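Working through the structure, step by step
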Amino acid sequence: MSEHEDTKKIVEFIKGTAIADLRSQVNWVRGSRNGKVPPPTDGQLNFALALLALIGCESCGFYMLGASKTPNDFEKERADLGTYVMEFIQDRFERHSPFKHLVKVLADFLRHALVHGYGSYTPKLDYGLALFISLDMNNRARAVEEKGTRVIELNSLALAEETLRAFEEFKDEVNEGKNAELLSNILRARDHEVKVGESIRNQFNVVFEKLKKA
């Protein structure tokens, strides 16, 4: 298999995993809002859409940048992997997208709030984020004030759909095969060695053997 075919295979893997899940969520939200499928029984999927969109951006950014921001044994400080999110959005989102002007907010604030809980309840801050869903793609971000707190409200559906569009552009460029630097970066990221601690390996082996016997 040629190196170009290898890069296309990697992008197809992303398409079939993170992007496929994101697209399924988008279709569900749009279908439920249009009355074509049953709506979610509890939440509105605004948190799920935003989280999956950021995961998609980080995955694509990891390959787009050749894993260059991933920490290794020689670095004294851990790299900020949110850089993958920021670089992908800056490089691939539409020129007039409000999300391009909010990359640090998305990567450092929203990403931590969704994944780690930071910022999900921050009463001491005089600013914050809120997520909503609107089928109007012109309504992507807005500023409001609530009891003296400045809040930026983000349309999770718009963020998700921009991520899907950006991925398709990314995929098409890989399939075209003319950007040698991009193809090289994808292969470099593929070959990046992930360090796994011995305690992780030992725990995995023990549980694996127990599950085989179950």
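Shown above is the structure to which this text applies.
**Re the overall build of the protein chain**
When its secondary structure is counted, the protein chain shows seven helices and three strands. In the protein chain, the order of α-helices and β-strands from amino to carboxyl end is α-α-α-α-β-β-β-α-α-α. By residue count, 39% of the 214 residues in the protein chain fall in the buried class. Across the protein chain, contacts joining residues at least 24 apart in sequence account for 59% of those joining residues at least 6 apart.

**Examining the pattern of salt bridges**
If you walk through the whole model with that rule in mind, you get 21 salt bridges. In this structure, glutamate 168 and arginine 23 form a salt bridge, with 3.1 Å as the shortest nitrogen-oxygen distance. Placement of the pair is glutamate 168 in helix 5 (residues 156–176) and arginine 23 in helix 1 (residues 3–33), with a sequence separation of 145 residues. On the basis of relative accessibility, which here comes to 26%, the residue glutamate 168 falls in the partly exposed class.

**Description of unusual backbone geometry**
Of note, the phi angle at leucine 45 is positive, near 70°, even though the residue is not glycine. Non-glycine residue lysine 147 carries a positive phi angle of around 55°. With respect to the element layout, lysine 147 can be found in the loop between strand 2 (141–146) and strand 3 (149–155). Residue class for lysine 147 comes out exposed when judged on its relative accessible area of 89%.

**Re the packing of aromatic side chains**
The description of an aromatic ring pair uses the distance of the two centres, along with the angle that the planes make with each other. For the structure on display, the rule yields six aromatic pairs. Residues phenylalanine 62 and tyrosine 84 carry aromatic rings whose centres are separated by 5.6 Å and whose planes lie at 85° to one another, so their mutual orientation is edge-to-face. Residue phenylalanine 62 is found in helix 2 (residues 46–64), and its partner tyrosine 84 is found in helix 3 (residues 82–92); the two are separated by 22 residues along the sequence. Between phenylalanine 109 and tyrosine 127 the ring centres are 5.8 Å apart and the planes differ by 75°, which places this aromatic pair in the edge-to-face class. Note that phenylalanine 109 is positioned in helix 4 (residues 103–115) and tyrosine 127 in strand 1 (residues 127–132), a separation of 18 residues in sequence. On the basis of relative accessible area, tyrosine 127 is assigned to the partly exposed category, the value being 40%. Put simply, the rings of Phe62, Tyr63 and Tyr84 pair up and form one aromatic cluster. A cation sits over an aromatic face here: arginine 142 above phenylalanine 132, 3.8 Å from the ring centre.

**Details of the side chain of serine 32**
Here serine 32 shows up in helix 1. From its side chain, serine 32 meets the backbone oxygen of valine 29 in a polar contact 2.9 Å long. Discounting chain neighbours no more than four positions away, the residues touching serine 32 are Val37, Pro38, Pro39 and Pro40.

What counts, and where the lines are drawn
- Residues numbered from 1 in each chain as written.
- Predicted model: local features only at pLDDT ≥ 70, side-chain atom pairs only at ≥ 80, totals over all residues.
- Heavy atoms only, no water.
- Helix = DSSP H or I, 4+ residues; strand = E, 2+ residues; numbered from the N terminus.
- Buried < 20%, exposed > 50% of the residue type's maximum accessible area, 1.4 Å probe, protein only.
- Contact = heavy atoms within 4.5 Å.
- Salt bridge = Lys/Arg side-chain N within 4 Å of Asp/Glu carboxyl O.
- Phe/Tyr/Trp six-rings, centres within 6.5 Å; stacked < 30°, edge-to-face > 60°.
- Lys NZ or Arg CZ within 6 Å of the ring centre and 35° of its normal.
- Polar contact = N/O pair within 3.5 Å; in protein donor to acceptor, adjacent residues only side chain to side chain.

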